Amino acid sequence: MADETLTESPNGGTAWRKFAYVALPGLVAAGVLGAATTQGLLAASFAVSGDNFKISASHLEGTGFAQYGDVATSVDKTSRPVGLSIIEEAELSDMCMSALLDLPIGKATLLIRAGEKTPVTATNMVVDVEQLNGNAHFSAIEIGHDASTLNKVSGPQGDSGAFALQSDTVTINDLTMVSWAVSSGTLRLSGLKLNVKPGTHECF
């Protein structure tokens, strides 16, 4: 598929909360949750699956960035700490997403690649980060900002008195990230390629 665009409808946007066994229908259904998150009808960290997934990109460029501590809770009520990262407008080059699937016939990997020639673009992107690596540059960064008074993003706010950071822009090269959940108001995947491969074939 040369160019796949997922944009916000009157009822909302697009969300990824876990790659499903049936990939495309799962992504469409998850859009309902993303719509509610973007419009403030649900908390940013709704119930996630019991597995994390990986995201990589050669370059991420973001305008409006904030991060603070949060909790991701699975449907089995298991909770884990995450860094809730919010980017108002993001571009990702050479993006890869991978999720391991335990199927009746054995383990498989769901791979989504996009942005090789034209960057992936997203608005109001919210990521539950477990681990992030890369070379980062921030402009006008504020470290130790109160999480309930963030003003460089229009996304969710943290608890009063909680530690947070925010910046006007963020640039990350050679990004690798382990996440439990991602939601986005709008998402454009240029040069989308989706594959399900037997065995383990993660992005990194």
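Residues numbered from 1 in each chain as written. Predicted model: local features only at pLDDT ≥ 70, side-chain atom pairs only at ≥ 80, totals over all residues. Heavy atoms only, no water.

By the naming in an unreviewed UniProt entry, the protein chain is Putative cholesterol esterase, taken from Thermobifida fusca.

Undergrad: Whenever I open this one, unusual backbone geometry confuses me. Can you help?
TA: Negative phi characterises most residues that are not glycine, and trans characterises most peptide bonds. Look at Asp94: it is not a glycine, yet its phi comes out positive at around 50 degrees. Mapped onto the fold, Asp94 is located in the loop between strand 4 (79-93) and strand 5 (95-103). Residue class for Asp94 comes out partly exposed when judged on its relative accessible area of 38%. Look at Ala140: it is not a glycine, yet its phi comes out positive at around 50 degrees. Mapped onto the fold, Ala140 is located in the loop between strand 7 (120-139) and strand 8 (142-146). (Helix = DSSP H or I, 4+ residues; strand = E, 2+ residues; numbered from the N terminus. Buried < 20%, exposed > 50% of the residue type's maximum accessible area, 1.4 Å probe, protein only.)

Undergrad: Please explain the packing of aromatic side chains as it appears in this structure.
TA: Each aromatic ring pair is specified by the distance between its two centres and by the angle formed by the two planes. Throughout the structure, instances matching the rule amount to one aromatic pair. Aromatic pair Phe65 and Phe138: ring centres 5.7 Å apart, planes at 45 degrees, arrangement tilted. With a gap of 73 residues between them, Phe65 in strand 3 (residues 53-73) and Phe138 in strand 7 connect regions that are remote in the sequence. Using a relative accessible area of 8% as the deciding quantity, one classes Phe65 as buried. Here Arg80 stacks its cationic end above the ring of Trp180, 3.6 Å away from the centre of that ring. (Phe/Tyr/Trp six-rings, centres within 6.5 Å; stacked < 30°, edge-to-face > 60°. Lys NZ or Arg CZ within 6 Å of the ring centre and 35° of its normal.)

Undergrad: I tried to follow the state of the cysteines on my own but got confused; where do I start?
TA: A covalent bond between the sulfur atoms of two cysteines is referred to as a disulfide. For the coordinates displayed, the defined rule picks out one disulfide. Note that Cys96 is cross-linked by a disulfide to Cys203, the S-S spacing being 2.0 Å. Judged by the sign of its S-S torsion, about -80 degrees, the cystine formed by Cys96 and Cys203 is left-handed. Of this pair, Cys96 sits in strand 5 while Cys203 sits in the segment after strand 11 (193-198), placing them 107 residues apart in sequence. There is no split in this pair, since Cys96 and Cys203 are both buried. (Disulfide = S-S within 2.5 Å.)

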